[in-house]
Amino acid sequence: FPTFIWTVRDFTLELKLNGRPITEDEYLESALQLKQGSGPKTTLYNLPRECIRLFFPARKCFVFDRPASRAGLHRIEELREDELEPEFVVQAKKFCQYVFEKCRVKTLKGGYTMTGKLLGNLTMTYVDAIRSGAVPCLENAVLALAQIENSAAIMEAVAHYTKEMAQRVTYPTVTLKEFLDVHAACEKEAIQIFMERSFKDDTREFQGQLMRNLKAKSEELLQKNERESSNCCKALIQEMFKTVEDGISAGKYSRTGGYQQFMEDQQAAVRRYNQAPRKGIKADEVLEEYLKGQKSMAEVILQTDVALYKCEKDIEDEQLRAKAAEMEKQVMEKRLVELEKMMEVQKSSYEEYIKQLMVQMEVDRNKRYC
């Protein structure tokens, strides 16, 4: 049992017994004296005194004068210490000193320390049991107290974790490790807060509930981190790939060599995207998803490029064939002209030969007749 301290407020009596001065403790012992006899009234009078004497062998008494004058009592909460009665201040300091230095810490079965808050909740549990007509049971009261305190400890620990994560994490985090490092630190602090306040959690039931709550909260914040990263990256992609998108809409790549130009512009946009800071953990995934969506457009541009190239190649081949035919025609015409000229030369030579042959024949004939 804890140390028994009896405090008497607004004490106006004189500390005297049978005409001699007595101490406060002697005043208490005098009040605990038993009456002689065995009647009902005597038994009722003696019972609480016997319990106190039996269960609390170490006893202490403090008496307090009025803290202030009658006029000051109406605003006692507003009074400063120097406005209180000096004798009351001395008595209060003496009382506090004894409690802090002499009294043992209140404990429950199992060595659990009983704080003031726990004692208040335990008292309320007892009072509620008495009001309901039930018999107060220490074991049930302790279990109920454990339920109340450990549930409150969980709420306090989770609230601390949530608050610290909100203050320490800048969304989106650059890497998953950055998020997990802060999570680990905040989780450790939350567990410490729970352990300091938890009460009689022998089966670790409430600690397990705390860990489940922290895990759920961390998963919720991790999803938030991913959403923030995804939204940031999507906005960045719209900005970095605007030139490419505008080029597609304007038909910039619908020409021979358009696919090569499209790929160069796309790679330039990818480089700008990769150089942008604080995209978060979804940076690669969002970029990959966007490029995957652009794959069909790239194939269309490639097919258009190939078709236009083939068409231009066919036109070029046709032009080359036409040009070759024209050149061949020109060569044939030139040859015909040259052949005609050669034939004219040959004809002229032949006629000259015939002419000279006729002259020679004429000369020879004249020689025979002369």
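Let me begin by describing the structure that accompanies this report. Quantities reported herein were computed from a predicted structural model and do not represent experimental measurements.

Procedures and definitions
Residues numbered from 1 in each chain as written. Predicted model: local features only at pLDDT ≥ 70, side-chain atom pairs only at ≥ 80, totals over all residues. Heavy atoms only, no water. Axes fitted to C-alpha atoms, helices over the stretch in contact; angles between N-to-C directions. Helix = DSSP H or I, 4+ residues; strand = E, 2+ residues; numbered from the N terminus. Parallel < 35°, antiparallel > 145°, perpendicular 65-115°, else oblique. Left-handed = near helix turned anticlockwise from the far one by under 90°. Contact = heavy atoms within 4.5 Å. Core = buried A, V, L, I, M, F, W, Y, C linked by side-chain atoms within 4.5 Å. Buried < 20%, exposed > 50% of the residue type's maximum accessible area, 1.4 Å probe, protein only. Salt bridge = Lys/Arg side-chain N within 4 Å of Asp/Glu carboxyl O.

## Details of the packing of helix 8 (residues 205–240) against helix 10 (residues 258–275)
In contact at an axis separation of 10 Å, helix 8 and helix 10 are set at 140° when each is read in the N-to-C sense. Taken together, the axes of helix 8 and helix 10 lie oblique to each other. Of the two possible hands of crossing, helix 8 and helix 10 adopt the one that is right-handed. Touching C233, L236, I237 and M240 of helix 8 are A269, R272 and Y273, all from helix 10.

## Topic: the nonpolar core
Note that soluble globular proteins tend to have their nonpolar side chains buried in a common cluster. I237, M240, F241, F262 and Y273 are the most contacted members of the largest nonpolar core, which totals 18 residues. Those elements giving two or more residues to this core turn out to be helix 8, helix 10 and helix 11 (283–369). Take this core: its biggest share by element is 6 residues, from helix 11. For I237, the residues in contact, after removing those within four places along its chain, are K242, Y273, V286, L287 and Y290. Formed by 17 residues, the second largest nonpolar core is a distinct cluster that contains F179, A190, F206 and L210.

## As for the pattern of salt bridges
Counted by the stated rule, this structure contains 16 salt bridges. A salt bridge links E81 to K93, with the nearest nitrogen and oxygen atoms 3.7 Å apart. Of this pair, E81 sits in the loop between helix 3 (70–73) and helix 4 (86–102) while K93 sits in helix 4, and the two are 12 residues apart along the sequence. For K93, a relative accessible area of 53% translates into the label exposed. Here R278 and E178 are joined by a salt bridge, their closest N and O atoms 3.8 Å apart. A residue pair is termed long-range when its members are at least 10 positions apart, and R278 in the loop between helix 10 and helix 11 and E178 in helix 7 (residues 176–197) qualify at 100 residues.

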